[in-house]
Amino acid sequence: MMPFNNLGFVFKHFGSIIYSKPILEDLCLFLQEFTDKESVLDIGAGTGVMSEFAYRCNDRLKFVAVDPAEGMLKYAPPYLETHIGAAEAMPFEDGSFDAVFMGESLHHFDDIDAALGEIVRVLKEGGKLFIYDFDRGTLLGKCVCFMERVFGEPANFYEPAVLKEELESYGFSVTVMKHGWRYTVSANL
């Protein structure tokens, strides 16, 4: 298992290099329809890199993060309300958020079905979901998946079409944008 609790400094200063311009454009497009004070949840937020990018797209939102590693969350930006917890059992009431996003975190969850059930639970009716991850169907995606397994991580990587189908089974309408060995998902509940 990777010692995320001890890697906050590294992720804070180097984590953003994985986010390419097309990924950030997709995130900004996802957030553009929100106007003011909607609540957004960054699941598996780590140091809040995804929230920092989202904040640049739309700084009028209420930003909340959840991650099991307190050592990562201590590097989060001050506008990000942080909570220690796992995606499979989040410490929030039903219907708490207008949107949920996850940047490179889905593949770390131990129980994907429990996490997706929790996402549906905490989203408001009509809520939105944004996911950024690596495509295990590509050569680089397979390499990342292999390395994650070497480090003892769950490595629950998806090919985009498979994740789309999985999310649709939870009631989402899903759009996938492929970016080489990476992809984004924008989904509405």
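Residues numbered from 1 in each chain as written. Predicted model: local features only at pLDDT ≥ 70, side-chain atom pairs only at ≥ 80, totals over all residues. Heavy atoms only, no water.

## Brief notes about the overall build of the protein chain
Selection rule: Put simply, DSSP marks the helices as runs of H or I at least four residues long and the strands as runs of E at least two long, and each gets a number from the N terminus on. Exposed residues in this analysis have more than 50% of their type's maximum accessible area, buried residues have under 20%, and partly exposed residues fall in between, with area computed by a 1.4 Å probe over protein chains only. The contact definition used throughout considers only heavy atoms, calling two residues in contact when any of these lie within 4.5 Å. The accessible surface values rely on the Shrake-Rupley method and a 1.4 Å probe; as for residues, cover is taken only from the protein chains in view.
Along the protein chain, the regular secondary structure elements total 7 helices and 7 strands. Secondary structure elements of the protein chain, listed N to C terminal, follow the sequence α-α-β-α-β-α-β-β-α-β-α-α-β-β. Taking all 189 residues of the protein chain together, 49% fall into the buried category. A fraction of 69% describes how many contacts in the protein chain between residues 6 or more apart in sequence connect residues 24 or more apart. Surface exposure of the protein chain reaches about 9000 Å², of which carbon and sulfur atoms provide 54%.

## Re the sheet that holds strand E3 (residues 80-84)
This is how the line gets drawn: Two strands form a pair only when DSSP identifies at least two bridges running between them. For helices, the fitted axis covers only the stretch in contact; all axes are lines through C-alpha atoms, and the angles between them, taken along N-to-C directions, range from 0 to 180 degrees.
Overall, mixed pairing links the 7 strands, which are arranged E3-E2-E1-E4-E5-E7-E6 in an open sheet. Each end of this open sheet is capped by a strand with a single partner; those strands are E3 and strand E6 (173-179). The mean angle between the axes of side-by-side strands here comes to 20°, regardless of whether they run parallel or antiparallel. Pairing geometry for E6 and strand E7 (residues 182-188), over 7 bridges, is antiparallel. If you follow methionine 177 over to E7, its bridge partner there is threonine 184.

## Quick notes on unusual backbone geometry
For glutamate 104, which is not glycine, the phi dihedral falls at a positive 55°. Following the sequence through the fold, glutamate 104 ends up in the loop between strand E4 (97-103) and helix H5 (112-122). Residue alanine 155 is not a glycine yet carries a positive backbone phi of 55°. Note on placement: alanine 155 falls in the loop between helix H6 (139-150) and helix H7 (160-168).

## Quick notes on the state of the cysteines
Condition: The definition used for a disulfide is geometric: two cysteine sulfur atoms within 2.5 Å.
Under the definition given, this model contains 1 disulfide. The side chain of cysteine 28 participates in a disulfide bridge whose partner is cysteine 57; the two sulfur atoms lie 1.9 Å from each other. On the sign convention where negative is left-handed, the bridge of cysteine 28 and cysteine 57, at about -70° about the S-S bond, is left-handed. Highlighted residues: cysteine 28 in helix H2 (residues 21-31) and cysteine 57 in helix H3 (residues 49-57), separated in sequence by 29 residues. Looking at cysteine 57, the relative accessible area reads 26%, which means it is partly exposed. Considering cysteine sulfurs only, cysteine 143 is the nearest to cysteine 145, which forms no disulfide, with 9.9 Å between them. Residue classification places cysteine 145 among the buried positions, given a relative accessible area of 3%.

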